[in-house]
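Structure assessment
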Amino acid sequence: MESPVVLPSAALVLVSSPTPPSPVTIIVKPGGPYVVQGSVAIRDREGNALQPPLPKVPGTVKLCACGHSKTHPFCDGTHKTLRDASVPTTPSPADR
Ligand code: FES
């Protein structure tokens, strides 16, 4: 990693990276979570970092889309116990 470049005002610090960041992908699982793939930071409204649970697939974070997780905003698998009618689903292209 290169040294940061501090501008004269010291209000902004630029850090160059040898490799560009990889793009983030979000996969919407019908009736399930939003699966985020890529390097992301999850923060609460005050800006505090939230630590996601260890993922089954490295480099992924599952965000609850059903609203029933006890570890919100992260998915805890509760959506699997809900009846289909109570879980939001992604509209099909024909519905848009
Ligand atoms: S989407 Fe999994 S608990 Fe809500």
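None of the values given here were measured: they were computed from a predicted structure. (Residues numbered from 1 in each chain as written. Predicted model: local features only at pLDDT ≥ 70, side-chain atom pairs only at ≥ 80, totals over all residues.)

**Description of the pairing of strand S3 (residues 25–28)**
Defined as follows: One requirement defines pairing of two strands: DSSP has to find at least two bridges between them. Helix numbering and strand numbering both begin at the N terminus, where a helix is a DSSP run of H or I of at least 4 residues and a strand a DSSP run of E of at least 2.
Relative to strand S4 (residues 34–37), S3 runs antiparallel, the two being bridged by 4 bridges. Residue Val-28 lies in a different strand from S4, and its bridge partner there is Tyr-34. Between S3 and S4, which pair antiparallel one after the other, the connecting turn spans 5 residues, and Gly-31 there sits at a positive phi close to 75°.

**Focus: the sheet that holds S4**
Selection criterion: To get an axis, a line is fitted to the C-alpha atoms, and for a helix only the part in contact is used. The angle between two axes follows their N-to-C directions and goes from 0 to 180 degrees.
An order of S3-S4-S5 is seen for the 3 strands of this open sheet, with the pairing classed as antiparallel. Among the strands making up the open sheet, the edge pair consists of S3 and strand S5 (60–63). Taken pair by pair, the neighbouring strands of this sheet meet at an average axis angle of 20°, ignoring direction.

**A short note on unusual backbone geometry**
Put simply, His-72 and Pro-73 share a cis peptide bond, and its omega is 15°. Summarising the element assignment, Pro-73 is placed in the segment after S5.

**Focus: the confidence of the model for the protein**
Close inspection of predicted coordinates is inappropriate for parts of the model with low pLDDT. What counts is decided by this rule: By definition, pLDDT measures how confident the predictor is in each residue, and it falls between 0 and 100. Placing C-beta atoms from the backbone, we regard two residues as in contact once those atoms come within 7 Å.
For the protein, mean pLDDT is 80; residues scoring 70 or higher make up 68% of the total. Considering only residues more than four positions removed or in separate chains, one finds that residues 5–10, a stretch of pLDDT under 50, has 3 contacts.

**A look at the environment of Lys-29**
Counting through the fold element by element, Lys-29 comes out in the loop between S3 and S4. C-alpha separation for the pair Lys-29 and Lys-62, spaced 33 residues apart in sequence, amounts to 9.9 Å.

**Points about the environment of Pro-33**
Which entries qualify depends on this criterion: Using C-beta atoms placed from the backbone, we call a residue buried if 20 or more other C-beta atoms fall within 10 Å of its own, exposed if 12 or fewer do, and partly exposed for counts in between.
Structurally, the position occupied by Pro-33 is in the loop between S3 and S4. Overall, Pro-33 belongs to the buried group, with 22 C-beta atoms counted inside 10 Å. Separated by 36 residues in sequence, Pro-33 and Ser-69 place their C-alpha atoms 10.0 Å apart. Once you skip the residues sitting within four places of it in the chain, Pro-33 turns out to touch Lys-62, Leu-63, Cys-64, Ala-65, Cys-75 and His-79.

**Topic: the environment of Asp-44**
In this fold, Asp-44 is placed in the loop between S4 and S5. For the pair Asp-44 and Pro-73, spaced 29 residues apart in the sequence, the C-alpha separation amounts to 9.2 Å.

**Some points on the pairing of S4**
Within a regular strand, side chains alternate between the sheet's two faces. Alignment of S4 against S5, held across 4 bridges, turns out to be antiparallel. Of the residues in S5, the one forming a bridge with Val-35 is Lys-62.

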